[in-house]
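Summary of the model geometry
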Amino acid sequence: MPANPDTIVITGASGGLGRALLEHLLERFGDAEIRATHYRSEIPMHHERLTWQRLDLRSADEIEAWSADFHHIDWLLNCAGYLHGDIGIPEKSVRAVDNNFSLESFRINTLPTLLLAKYFSAALKRSNAPLLASISARVGSIEDNRLGGWYSYRMSKAALNMALKTLSIEWRHSHPRGCIAALHPGTNDTALSRPYQANIAPQNLFQPSYTACMFVDLLTQLDPAQSGNFWAWDGTRIPW
Ligand SMILES: NC(=O)c1ccc[n+]([C@@H]2O[C@H](COP(=O)([O-])OP(=O)(O)OC[C@H]3O[C@@H](n4cnc5c(N)ncnc54)[C@H](OP(=O)(O)O)[C@@H]3O)[C@@H](O)[C@H]2O)c1
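Residues numbered from 1 in each chain as written. Predicted model: local features only at pLDDT ≥ 70, side-chain atom pairs only at ≥ 80, totals over all residues. Heavy atoms only, no water.

Let us look at the packing of aromatic side chains. Enumeration according to the criterion identifies ten aromatic pairs in this entry. A centroid spacing of 5.2 Å and a plane angle of 70° characterise the contact between Trp150 and Tyr196, whose relative ring orientation is edge-to-face. Here Tyr196 lies in the loop between strand S7 (187-188) and strand S8 (205-206) and Trp150 lies in the loop between strand S5 (131-135) and helix H6 (151-174), a separation of 46 residues in the sequence. On the numbers, 5.2 Å between centres and 65° between planes, the contact of Phe206 with Tyr210 is edge-to-face. Looking at Phe206, the relative accessible area reads 12%, which means it is buried. Its relative accessible area of 37% is what places Tyr210 among the partly exposed residues. Site record: aromatic cluster; members linked through ring pairs are Trp66, Phe70 and Phe120. Here Arg237 stacks its cationic end above the ring of Trp231, 6.0 Å away from the centre of that ring. (Phe/Tyr/Trp six-rings, centres within 6.5 Å; stacked < 30°, edge-to-face > 60°. Helix = DSSP H or I, 4+ residues; strand = E, 2+ residues; numbered from the N terminus. Buried < 20%, exposed > 50% of the residue type's maximum accessible area, 1.4 Å probe, protein only. Lys NZ or Arg CZ within 6 Å of the ring centre and 35° of its normal.)

Right under this line is the structure:
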């Protein structure tokens, strides 16, 4: 069981969900050392057991260089993501599809998890119960796609899900005590969802602190037999 991790890496910890998770992990695991990353945002908080790194997760070179600092990691949690920004906004129709926006979505939503898995593989292998989890999104489920739209975000999260599933199969041999998880947080009140909250009923718009607590409850219960699944915040399984 991956309970009580000693060393935790959390990427995208400057975001709404990442920061909430970071605060919850510091409180919940009183002995854990946490290494967190931010990129464009300034460092949002300080703590004696917390070390920050500015890291562009689109850069394989930066991830590789940072990974050299680590000997042992129990949990690696990726909370970075991209839905809208300078390059574009989610597409309502195929007419709005734009190469640069689609590629940026893959660069931030898909590839970093795979690169982190690659470069942190050895450090995770030194754990008795390594866990690698990445925040995906229900809209990345192909089976669950009822509304359409949001091509780039959906595709990049579906591809992330495939990366995590494939990694879980590799880990059966390479990290047999480990667990891989794709996570859906529900709709949370963060900068990422803010422009798209108008039609969300108040009871369905979560505070990130609530979701962080639910995620950690879930993660502490996962074992290798449950590796390679897509979980909602409440512990229910989402079809791929
Ligand atoms: N909020 C929701 O309702 C919701 C729903 C479903 C899924 N999700 C997923 O949950 C995750 C967290 O979302 P959030 O709501 O917390 O979003 P957020 O507040 O916008 O935070 C996004 C995070 O991603 C980081 N990031 C973006 N580009 C990066 C890059 N190139 N290199 C390194 N870090 C980068 C940001 O770092 P800087 O700010 O420091 O640049 C920030 O820490 C995302 O994967 C998102 O897709 C969110």
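On to the side chain of Thr220. Its location among the elements puts Thr220 in the loop between helix H7 (208-219) and strand S9 (229-232). Judged by its relative accessible area of 13%, Thr220 falls in the buried class. A polar contact is formed between the side chain of Thr220 and the backbone oxygen of Asp217, at a distance of 2.9 Å. (Polar contact = N/O pair within 3.5 Å; in protein donor to acceptor, adjacent residues only side chain to side chain.)

With that out of the way, let us pick up the sheet that holds S9. Ordered by their spatial adjacency, seven strands build an open sheet running S3-S2-S1-S4-S5-S6-S9, and the pairing between neighbours is parallel. Across the chains shown, the open sheet's two edge strands, defined by having one partner strand only, are strand S3 (50-54) and S9. Across this sheet, the average inter-strand angle for adjacent strands is 20°, counted without regard to direction. Sheet topology places strand S1 (residues 7-11) next to strand S2 (residues 33-38); four bridges connect them, and they run parallel. Within the sheet, the bridge partner assigned to Ile10 lies in S2 and is Ala36. Along the sheet, helix H4 (residues 111-119) contacts S1, strand S4 (75-78) and S5; its crossing angle with S4, the most-contacted strand, is approximately 165°. (Pairing = 2+ DSSP bridges. Axes fitted to C-alpha atoms, helices over the stretch in contact; angles between N-to-C directions. Contact = heavy atoms within 4.5 Å.)

Here we take up the nonpolar core. Residues Ile10, Leu21, Leu22, Leu25, Trp75, Leu77 and Phe120 are the most contacted members of the largest nonpolar core, which totals 59 residues. The dominant element in this core, judged by the number of residues it contributes, is helix H1 (residues 16-28), at six residues. (Core = buried A, V, L, I, M, F, W, Y, C linked by side-chain atoms within 4.5 Å.)

Before going further, it helps to spend a moment on the pattern of salt bridges. Evaluated as defined, the whole model comprises nine salt bridges. Notably, a salt bridge pairs Asp69 with Arg35, separated by 3.3 Å at the nearest N-O pair. Separated by 34 residues along the polypeptide, Asp69 in the loop between helix H2 (60-67) and S4 and Arg35 in strand S2 bring together distant segments of the chain. One salt bridge connects Asp189 with Arg194, and the closest N-O pair in it is separated by 3.2 Å. Among the residues examined, Asp189 registers a relative accessible area of 25% and is labelled partly exposed. (Salt bridge = Lys/Arg side-chain N within 4 Å of Asp/Glu carboxyl O.)

What follows covers the environment of Pro224. By secondary structure assignment, the location of Pro224 is in the loop between H7 and S9. Among the residues examined, Pro224 registers a relative accessible area of 37% and is labelled partly exposed. Sequence separation between Pro224 and His46 is 178 residues, and the spatial gap between their C-alpha atoms is 33 Å. Other than its neighbours up to four places away in sequence, Pro224 contacts Pro176, Arg177 and Gly178.

Turning next to the site of the ligand. Residues in contact with the ligand amount to 29 residues; listed here are only the nearest, Ser14, Arg40, Ser41, Tyr153 and Thr190. Side-chain polar atom of Ser41 to an oxygen atom of the ligand: 2.6 Å apart, as the coordinates give it. Contacts to the ligand include Lys157, whose side-chain N or O atom sits 2.8 Å from an oxygen atom. Considered on its own, the ligand offers 900 Å² of accessible surface; in the complex 91% of this is hidden by protein. Listed by contribution, the elements that provide at least two residues to the shell around the ligand are H1, H6 and S7. (Near = heavy atom within 4 Å. Areas by Shrake-Rupley, 256 points an atom, 1.4 Å probe, with all protein chains shown as cover.)

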